[in-house]
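Letter by letter, the chains look like this.
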Amino acid sequence: MQRKLAAGNWKMNGDVQALSMLDTLAQAHNKAQTDILICPPAHLLSQAVARAAPGPVNIGGQNCHHAASGAHTGDISAGMLRETGATAVILGHSERREAYHESDADVRAKATAAQNAGLLPLVCLGESLAERDAGEALAVIRGQLQGSVPENSTGDTLVIAYEPIWAIGTGKIPSMAQIAEVHACLRNDLREMLGDTGASVRLLYGGSVKASNAAEIFALPHVDGALVGGASLTAEDFSPIITALAHS
Ligand code: 13P
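Quick look at the structure, then. (Residues numbered from 1 in each chain as written. Predicted model: local features only at pLDDT ≥ 70, side-chain atom pairs only at ≥ 80, totals over all residues. Heavy atoms only, no water.)

**Let's talk about the pattern of salt bridges**
Consideration 1: Scanning the model with the defined rule gives 10 salt bridges in all.
Consideration 2: For the salt bridge of R202 with D35, the shortest nitrogen-to-oxygen distance reads 2.9 Å. Residue R202 is found in strand β7 (residues 202-206), and its partner D35 is found in strand β2 (residues 35-39); the two are separated by 167 residues along the sequence.
Consideration 3: Since its relative accessible area comes to 6%, R202 is described here as buried.
Consideration 4: For R132, the salt bridge goes to E127, with nearest N and O atoms at 2.9 Å.
Consideration 5: In this structure R132 comes out as buried when scored by relative accessible area, which is 15%.
Consideration 6: Using a relative accessible area of 0% as the deciding quantity, one classes E127 as buried.
Consideration 7: Through salt bridges with shared partners, a single network forms among R3, D35 and R202. (Salt bridge = Lys/Arg side-chain N within 4 Å of Asp/Glu carboxyl O. Helix = DSSP H or I, 4+ residues; strand = E, 2+ residues; numbered from the N terminus. Buried < 20%, exposed > 50% of the residue type's maximum accessible area, 1.4 Å probe, protein only.)

Structure follows, in structure tokens:
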């Protein structure tokens, strides 16, 4: 059985000073029963790793290229991320799917590269509000799952994050029934795609997770943690979410 995972996505936020939150988290969650991951912008990765290790907080990237090296100005490969000491990478976030037109096939190629480099990919998927309103949410999410997950993934080499686009940074979250429905569907599909190991792929919920709603979300079946944006930027906001997960 995998440990639950509290993951923070800093997006394009944070500076060297903000890394002091890693010290606070390490002190508060020294004996953490959950996995903790912070994904800062790329320029902070090496310093974040140096500051966090050895300790309960792991460090990850927010994107990688599918190729190992080459003429890809501005990109970073999975192996390069690994060389910073990062152990995970967020892939296929809706902000990248939209801004850089990343397709499911692109996300799968990146996730394969991450696995081959020894990084744990956190593959993101989720529907838009228009798709939800049209009754297409499950079909969209299932299609993204089929298209984005590398073959031969296991509970040790894959994490999925369900992030409804309309819940990201908006303060709105789906109903508990809606989250439960999506997570149950993802679990079923992962079992069909990967066999028994599909049962141990961690399924994170993301989108406006806060200390005030975390416990309710973590009580749902097949919710194995959270991918948190805004509330992961400070220890004050993120620490209670880790605590709620540990108690769930
Ligand atoms: P917020 O927690 O700020 O809504 O962001 C969620 C997210 O996009 C995490 O990847």
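**Focus: the site of the ligand**
Consideration 1: As a structural note, the neighbourhood of the ligand is formed by 13 residues, with K11, H93, G169, S208 and G230 the closest of them.
Consideration 2: Interatomic distance of 3.0 Å between a side-chain N/O atom of N9 and an oxygen atom of the ligand.
Consideration 3: One nitrogen or oxygen atom from the main chain of G169 is found 2.6 Å from an oxygen atom belonging to the ligand.
Consideration 4: Its free accessible area being 310 Å², the ligand has 95% of it covered by the protein chains. (Near = heavy atom within 4 Å. Polar contact = N/O pair within 3.5 Å; in protein donor to acceptor, adjacent residues only side chain to side chain. Areas by Shrake-Rupley, 256 points an atom, 1.4 Å probe, with all protein chains shown as cover.)

**Considering the nonpolar core**
Consideration 1: By size, the foremost hydrophobic cluster in this structure holds 60 residues, and its most contacted members are I160 and F238.
Consideration 2: By size, the runner-up hydrophobic cluster in this structure holds 13 residues, among which are L37, C39, V159 and A161. (Core = buried A, V, L, I, M, F, W, Y, C linked by side-chain atoms within 4.5 Å.)

**Some thoughts on the packing of helix α1 (residues 20-28) against helix α10 (residues 235-246)**
When two helices pack together, their arrangement is given by the angle between their axes and by how far apart the axes lie.
Consideration 1: Close contact between α1 and α10 brings their axes to 10 Å; oriented N to C, the two are set at 30 degrees. Comparing the axis directions of α1 and α10 gives the class roughly parallel. By crossing handedness, the relation of α1 to α10 is classed as right-handed. For the pair α1 and α10, contact is made by M21, T24, L25 and A28 and by A235, F238, S239 and I242, respectively.
Consideration 2: Looking at the contact of α1 with α10 residue by residue, the class counts come to 6 nonpolar, 2 polar and no charged. (Axes fitted to C-alpha atoms, helices over the stretch in contact; angles between N-to-C directions. Parallel < 35°, antiparallel > 145°, perpendicular 65-115°, else oblique. Left-handed = near helix turned anticlockwise from the far one by under 90°. Contact = heavy atoms within 4.5 Å. Nonpolar A, V, L, I, M, F, W, Y, C, P; charged D, E, K, R; others polar.)

**Focus on the state of the cysteines**
Consideration 1: Summed over the entire model, instances satisfying the criterion amount to 0 disulfides.
Consideration 2: Free of any disulfide, C39 has its nearest cysteine sulfur in C124, 9.3 Å distant.
Consideration 3: Between C64, a free cysteine, and C39, which holds the nearest cysteine sulfur, the sulfur-to-sulfur gap is 12 Å. (Disulfide = S-S within 2.5 Å.)

**Observations regarding the pairing of strand β4 (residues 88-91)**
Consideration 1: Alternating positions in β4 separate into two faces, A88 and I90 on one and V89 and L91 on the other, with burial throughout.
Consideration 2: Note that strand β3 (residues 57-61) and β4 share 2 bridges and pair parallel. Its bridge partner being in β4, G61 is matched across the sheet by V89.
Consideration 3: With respect to chirality, the unit in which β3 leads through helix α3 (residues 78-83) into the neighbouring parallel β4 is right-handed. (Pairing = 2+ DSSP bridges. Right-handed = clockwise from strand over helix to strand, strands pointing away.)

**Digging into α10**
Consideration 1: An ideal rise of 1.5 Å per residue puts 16 Å on 12 residues; α10 measures up with 16 Å between its terminal C-alpha atoms.
Consideration 2: Packing partners of the buried residues in α10 comprise β1 (5-9), α1, β2, α9 (211-218) and β8 (225-228). (Expected span 1.5 Å × (residues − 1).)

**Some points on the environment of S153**
Consideration 1: Residue position: S153 is located in the loop between α7 (137-148) and β6 (159-162).
Consideration 2: What makes S153 buried here is its relative accessible area of 3%.
Consideration 3: Through-space distance from the C-alpha of S153 to that of Q115 is 8.5 Å; in sequence the pair is 38 residues apart.
Consideration 4: Excluding its chain neighbours within four sequence positions, the residues that come into contact with S153 are Q115, L158, L194 and T197.
Consideration 5: A polar atom in the side chain of S153 sits 3.1 Å from the side chain of Q115.
Consideration 6: At 2.7 Å, the side chain of S153 forms a polar contact with the backbone oxygen of P150.

**Here's the deal with the pairing of β6**
Remember that side chains alternate between the two faces of the sheet whenever the strand is regular.
Consideration 1: In β6, alternate side chains face the same way, and those of V159 and A161 on one face and I160 and Y162 on the other are all buried.
Consideration 2: In the sheet, strand β5 (residues 120-125) pairs with β6 via 4 bridges, with the strands oriented parallel. Bridge pairing in β6 places L122 opposite V159.
Consideration 3: Inspection of the sheet shows β6 paired to β7 by 4 bridges, in the parallel sense.

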